[in-house]
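Chain by chain, the residues run as shown.
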Amino acid sequence: MKHFTFALLLLFCTACAGIAQSSQSAQLVTKPSAYSMGETLTKLRAAIQGMGINLIAEVDHAKAAADKGLELRPTHVLIFGNPLVGTNLMQADQRTGLHLPLRLLVWEDENGLVHLSYRHPNDLKRDFELSKQQAVLSKMGMVLEKLSEVVKE
């Protein structure tokens, strides 16, 4: 009986871990870019500005690593937003400010291919009181989708 209980517990834990892992991966959107890192960043910066969105900051993780004598493949984070949009979410639940402005990770894999990664804004509904903010979340999601289309083949 002990072995059966242990096996059942092990099966349950394995299933839970699989569910947790698949839900985590479902939160993160990753799409390929058809361009080099430099071209991808140039196109994304222009698209963000072309949409009338503020490019607030750009973090070059590889440069920061190199400054400390560490190696890292090209990895940038573009931080951008529009207070006319994001403020609505913070008015509904101020804690969403932890995830705003929007962020887009642009990174190069071990084969030299460039990718974009981001969390879809709809994921914020799991942690925050945003039930009346679906239109805003959808608009933010469409911006991220449009940006990923800019660097698609």
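These remarks concern the structure in this document. Here the residue numbering is sequential within each chain, running from 1 through the sequence in written order. Local features in a predicted model are, by the rule used here, given only for residues with pLDDT of at least 70; side-chain atom pairs are given and counted only at 80 or more, and totals for whole chains, interfaces and linings are based on all residues. The basis for every side-chain value is the complete set of heavy atoms in the structure, and neither hydrogens nor water enter the calculation.

Things to note about the nonpolar core
Then, number 1: With 28 residues, the main nonpolar core has Leu44, Phe80, Leu89, Leu104, Val106 and Leu147 as its most contacted residues.
Then, number 2: Of all the elements in the fold, those that place two or more residues in this core are helix 2 (37–50), strand 3 (75–81), helix 4 (83–92), strand 4 (102–108), strand 5 (114–119) and helix 6 (134–150).
Then, number 3: Numbering of helices and strands runs from the N terminus, with a helix taken as a DSSP run of H or I at least four residues long and a strand as a DSSP run of E at least two residues long. For this core, the leading source of residues is helix 6, giving 6 residues.
Then, number 4: Residue contacts are defined here by distance: any two heavy atoms, one from each residue, within 4.5 Å place the two residues in contact. Ignoring any residue separated from it by four or fewer positions in sequence, one finds Leu44 in contact with Leu78, Leu104, Val106, Leu116, Leu147 and Val151. Here, the term nonpolar core denotes a set of buried Ala, Val, Leu, Ile, Met, Phe, Trp, Tyr and Cys residues that are joined through side-chain atoms within 4.5 Å. Exposed residues in this analysis have more than 50% of their type's maximum accessible area, buried residues have under 20%, and partly exposed residues fall in between, with area computed by a 1.4 Å probe over protein chains only.

Some remarks on helix 4
Then, number 1: Where helix 4 is concerned, the buried positions are Val85, Gly86 and Leu89. Down the axis of helix 4, the buried set is contained in an arc of 85°. They therefore lie on one face. For helix 4, the exposed residues set more than 90 degrees away from the buried face come down to Pro83, Leu84 and Gln91.
Then, number 2: Contacts made by the buried residues of helix 4 are with helix 5 (124–127) and helix 6.
Then, number 3: Whenever a nitrogen or oxygen atom comes within 3.5 Å of another N or O atom, the pair is scored as a polar contact, on the condition that within protein one atom can donate a hydrogen and the other can accept it, and that pairs from neighbouring residues in sequence are kept only if both atoms are in side chains. The N-cap residue of helix 4 is Asn82: its side-chain oxygen and the backbone nitrogen of Leu84 are 2.8 Å apart. The arc under discussion is defined with respect to the helix axis, by the directions toward the C-beta atoms.

Thoughts on the sheet that holds strand 4
Where strands meet in a sheet, backbone hydrogen bonds hold them as pairs that are either parallel or antiparallel.
Then, number 1: The strand order across the open sheet built from 5 strands is 1-5-4-3-2, with neighbouring strands paired in antiparallel fashion. Each having just a single partner strand, strand 1 (28–32) and strand 2 (54–60) make up the two edges of the open sheet. Sheet twist, expressed as the average angle between the axes of neighbouring strands with direction ignored, equals 20°.
Then, number 2: In this analysis, strands are considered paired if DSSP registers two or more bridges between them. Bridging between strand 3 and strand 4 involves 6 bridges; their strand directions are antiparallel. Looking at the pairing, Val77 lines up with Leu105 of strand 4. Note on method: axes are straight lines fitted to C-alpha atoms, helices fitted across the in-contact stretch only, with angles between N-to-C directions ranging 0 to 180 degrees.

Focus: the pattern of salt bridges
Then, number 1: The salt bridge criterion pairs a side-chain nitrogen of Lys or Arg with a carboxyl oxygen of Asp or Glu, the two atoms within 4 Å. Enumeration over the complete set of coordinates arrives at 7 salt bridges.
Then, number 2: Residue Arg95 is joined to Asp93 by a salt bridge in which the shortest nitrogen-to-oxygen separation is 2.7 Å.
Then, number 3: Residue classification places Asp93 among the buried positions, given a relative accessible area of 8%.

Let's talk about the side chain of His76
Then, number 1: Counting through the fold element by element, His76 comes out in strand 3.
Then, number 2: Of note is the side chain of His76, whose polar atom sits 2.9 Å from the side chain of Glu58.
Then, number 3: Excluding residues within four positions of it along the chain, His76 makes contact with Met37, Leu41, Glu58, Val59, Asp60, Leu104, Leu105 and Val106.

Re the environment of Glu145
Then, number 1: Here Glu145 shows up in helix 6.
Then, number 2: Among the residues examined, Glu145 registers a relative accessible area of 31% and is labelled partly exposed.
Then, number 3: Taking the C-alpha atoms as reference points, Glu145 and Val29, separated by 116 residues in sequence, lie 9.7 Å from one another.
Then, number 4: Contacts of Glu145, omitting those with residues within four sequence positions, involve Lys31 and Tyr118.

Digging into unusual backbone geometry
Then, number 1: Cis geometry marks the peptide bond from Leu100 to Pro101, where omega comes out at -5°.
Then, number 2: Position of Pro101 among the secondary structure elements: in the loop between helix 4 and strand 4.

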